[in-house]
Amino acid sequence: MNHEDEAVSKNCKRNAENYISHDALFRTQRSLRRRSHGNPRVRTIRQVSELAGVLLLSWPQTLSPRRWGCRATMPSETLWEIAKAEVEKRSSGSEGDGLEIGEKSVFFIGSKNGGKTTIILRCLDRDEPPKPTLALEYTYGRRAKGHNVPKDIAHFWELGGGTSLLDLISIPITSDTLRTFSIVLVLDLSKPNDLWPTMENLLQATKNHVDKMIMKLGKTNSKAASEMRQKIWSNMQKNHPDRELVDPFLIPLVIIGSKYDIFQDFDSEKRKVICKTLRFVAHYHGASLMFTSKSEALLLKIRGVINQLAFGIDKSKSICVDQNKPLFITAGLDSLSQIGSPPVPDNDIGKLHAHSPMELWKKVYERVFPPKSVNMLKDTKDPARDPQYAESEVDEMRIQKDQELEQYKRSSSKSWKQIEFDS
């Protein structure tokens, strides 16, 4: 064997040892997929594994053993090293910091029993009856992008209890996940008296936390924080007349009015007040606004909007502002001139003392739909005492244990008082 043939033989042997078998590689991928959620380090390793599989299947015909004896130049790196380098190259893009490009999160908040769970199940094609949400719940969905390409993953969070568990908002929304987050606010149109307090409390609590996370992100990655601000303003045209008059959320926001089938039977003037008010609130916060019900056609529209948030599908440009039909307005397509002034007689507007347009709309809305008393609006802070989770046997035992605890506290207090300390 001459020197040239010997070199080719060694080259072929080295490359043959470097190639990973299909079976072993795919077993590794399956294992990593199961372990990847919630662990950024494992997610990055999983990316390498997935990409290695794609490279292996799409490798040129030099994989054929019959061609290993040829003098064609073959890469000296292992397949794993090539995949790792490609992942590092992709991670250096706009998403960065170990976040997968195909992973997004959607956070559902809103009215208690407003239909949040139903919307999530419909978006995930799950045919199961919705159950009451206790505190904070999580699920996820996947969508294939193509053959032998890792699936996009969407994380769905849902806050239960209406406005009673606002502190839990800080759990899913962090400075690390902020760039892939969207908010969906679901409001029960069949309960107009509760609508404004629910909307105001949830939006304010969420906005305060998002602003705090933006500031935290800006300290470690000022470029990412700046890009987020620019991106949210891109929904509104540069020559839009309202650019100086609105204060958009710094993450995508969608407001959904549920139970439209009940709402459409309301008096025309009441529907007008609700529609105009929600249009103003949505436009002011740079949000999309749409109504839905159990109608399959409306649910399909909502599903399209949620898929756009979760998987980046093209955004719908359709619009419907007719109060006699279900509203459907994509962010940035409405305007204050189209919405008009608050629905109140001109001679009464001067009597309403307001420091901001939002406060003015609130006063007008509450004149038509006064909020319930504070005691009635106050949600149960302790889920264990929430009537929707009532179970007679458990509740009776709870009462018994509470009584025993109180008795123990009283007896302990008496025993401490009887103790004499040495001076």
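Everything here concerns the structure above.
Residues numbered from 1 in each chain as written. Predicted model: local features only at pLDDT ≥ 70, side-chain atom pairs only at ≥ 80, totals over all residues. Heavy atoms only, no water.

1. What to know about unusual backbone geometry
Here is step 1: Of note in the backbone geometry, Asp125 takes a positive phi value of approximately 55 degrees without being a glycine.
Here is step 2: Along the polypeptide, Asp125 turns up in the loop between helix 5 (116-123) and strand 2 (136-143). (Helix = DSSP H or I, 4+ residues; strand = E, 2+ residues; numbered from the N terminus.)

2. Side note on the pattern of salt bridges
Here is step 1: Within this structure, the stated rule accounts for 10 salt bridges.
Here is step 2: Across the pair Glu200 and Lys362 runs a salt bridge, and its minimum N-O distance is 3.2 Å. Here Glu200, found in helix 6 (residues 192-220), pairs with Lys362, found in helix 13 (residues 357-368); they are 162 residues apart in sequence, far enough to count as distant.
Here is step 3: By sharing partners, the salt bridges in this structure join Arg122, Asp125, Glu296 and Arg303 into a single network. (Salt bridge = Lys/Arg side-chain N within 4 Å of Asp/Glu carboxyl O.)

3. Some thoughts on the packing of helix 5 against helix 10 (residues 296-311)
Here is step 1: At a minimum axis separation of 9 Å, helix 5 and helix 10 run at an interaxial angle of 75 degrees. Viewed along their axes, helix 5 and helix 10 adopt a mutual orientation that is roughly perpendicular. Between helix 5 and helix 10, the contacting residues are Ile119, Arg122 and Cys123 on the first element and Glu296, Leu299, Leu300, Ile302, Arg303, Ile306 and Asn307 on the second. (Axes fitted to C-alpha atoms, helices over the stretch in contact; angles between N-to-C directions. Parallel < 35°, antiparallel > 145°, perpendicular 65-115°, else oblique. Contact = heavy atoms within 4.5 Å.)

4. Details of a nonpolar patch on the surface
Here is step 1: Taken together, the side chains of Ile319, Val321 and Leu333 define a hydrophobic patch exposed on the protein surface, amounting to about 220 Å² of accessible area.
Here is step 2: Following the sequence through the fold, Val321 ends up in the loop between strand 7 (319-320) and strand 8 (328-329).
Here is step 3: Residue classification places Val321 among the partly exposed residues on the basis of a relative accessible area of 37%. (Patch = residues over 30% accessible without salt bridge, like charges linked within 9 Å, V, L, I, M, F, W, Y side chains within 5 Å. Areas by Shrake-Rupley, 256 points an atom, 1.4 Å probe, with all protein chains shown as cover. Buried < 20%, exposed > 50% of the residue type's maximum accessible area, 1.4 Å probe, protein only.)

5. What to know about the nonpolar core
Buried together is how nonpolar side chains tend to be arranged in soluble globular proteins.
Here is step 1: Within the largest apolar cluster, 50 residues are counted, with the highest numbers of intra-cluster contacts made by Met199, Ile255, Ile274, Leu278 and Phe291.
Here is step 2: Counting residues per element, this core draws most heavily on helix 6, at 9 residues.
Here is step 3: In this view, Leu278 contacts Leu187, Leu189, Leu195, Met199, Leu289 and Phe291; residues no more than four positions away in its chain are not counted.
Here is step 4: Leu124, Phe311, Cys320 and Phe328 belong to the second largest nonpolar core, which has 21 residues in total. (Core = buried A, V, L, I, M, F, W, Y, C linked by side-chain atoms within 4.5 Å.)

6. Side note on the sheet that holds strand 8
Here is step 1: On the basis of which strands lie adjacent, the open sheet formed by 8 strands has the order 2-3-1-4-5-6-8-7 and mixed pairing. If you trace the sheet from one side to the other, it starts and ends with strand 2 and strand 7, each paired once.
Here is step 2: Of the pairings in the sheet, the one linking strand 7 to strand 8 comprises 2 bridges and is antiparallel in character. By the bridge assignment for strand 8, Ile319 is matched with Ile329.
Here is step 3: This element, helix 9 (residues 268-284), spans strand 4 (181-188), strand 5 (253-258), strand 6 (288-291) and strand 8 of the sheet and lies at about 150 degrees to strand 6. (Pairing = 2+ DSSP bridges.)

7. With respect to the state of the cysteines
Such a bond, covalent and formed between the sulfur atoms of two cysteines, is termed a disulfide.
Here is step 1: The tally for this structure, following the rule as stated, stands at 0 disulfides.
Here is step 2: Unpaired in terms of disulfides, Cys275 finds its nearest cysteine sulfur in Cys320, a separation of 9.4 Å.
Here is step 3: The buried category is assigned to Cys275, whose relative accessible area is 3%.
Here is step 4: Under the relative-accessibility criterion, Cys320 is labelled buried at 18%. (Disulfide = S-S within 2.5 Å.)

8. So, helix 7 (residues 222-233)
Here is step 1: The first and last C-alpha atoms of helix 7 sit 17 Å apart over 12 residues, in line with the 16 Å expected at 1.5 Å per residue.
Here is step 2: Along helix 7, the residues that are buried comprise Ala224, Ala225, Met228 and Ile232. Down the axis of helix 7, the smallest arc covering the buried residues is 100 degrees, so these residues share one side. Facing away from the buried surface of helix 7 by more than 90 degrees, the exposed residues are Ser222, Lys223 and Gln230.
Here is step 3: In this fold, the buried residues of helix 7 make contact with helix 6. (Expected span 1.5 Å × (residues − 1). Arc of directions from axis to C-beta.)

9. Observations regarding helix 5
Here is step 1: Most of helix 5 is tucked away: 6 of the 8 residues are buried.
Here is step 2: When we look at burial in helix 5, the residues that qualify are Lys116, Thr117, Ile119, Ile120, Leu121 and Cys123.
Here is step 3: For helix 5, the elements touching its buried residues are strand 1 (103-110), strand 2, strand 3 (152-159), strand 4, strand 5 and helix 10.
Here is step 4: Of the residues trailing helix 5, Asp125 is marked for its positive phi of about 55 degrees.

10. Quick look at the packing of aromatic side chains
Here is step 1: Inspection of every chain in the model, using the stated rule, returns 11 aromatic pairs.
Here is step 2: A ring pair is formed by Tyr260 and Phe291, whose centres lie 6.1 Å apart and whose planes are at 35 degrees; its orientation type is tilted. Of this pair, Tyr260 sits in helix 8 (residues 260-263) while Phe291 is found in strand 6, placing the two residues 31 residues apart along the sequence. Considered together, Tyr260 and Phe291 belong to a single accessibility category, that of buried residues.
Here is step 3: Every member of this aromatic cluster is reached through a ring pair, and the members are Tyr260, Phe263, Phe266 and Phe291.
Here is step 4: Positioned above the aromatic ring of Phe328 is the side chain of Lys301, whose terminal nitrogen or guanidinium carbon lies 5.3 Å from the ring centre. (Phe/Tyr/Trp six-rings, centres within 6.5 Å; stacked < 30°, edge-to-face > 60°. Lys NZ or Arg CZ within 6 Å of the ring centre and 35° of its normal.)

11. Thoughts on the environment of Arg229
Here is step 1: As for its position among the elements, Arg229 is in helix 7.
Here is step 2: For Arg229, a relative accessible area of 37% puts it in the partly exposed group.
Here is step 3: The spatial distance from the C-alpha of Arg229 to the C-alpha of Pro248 is 9.4 Å, given a sequence separation of 19 residues.
Here is step 4: Here Arg229 is in contact with Ile214 and Leu250, once residues within four sequence places are set aside.

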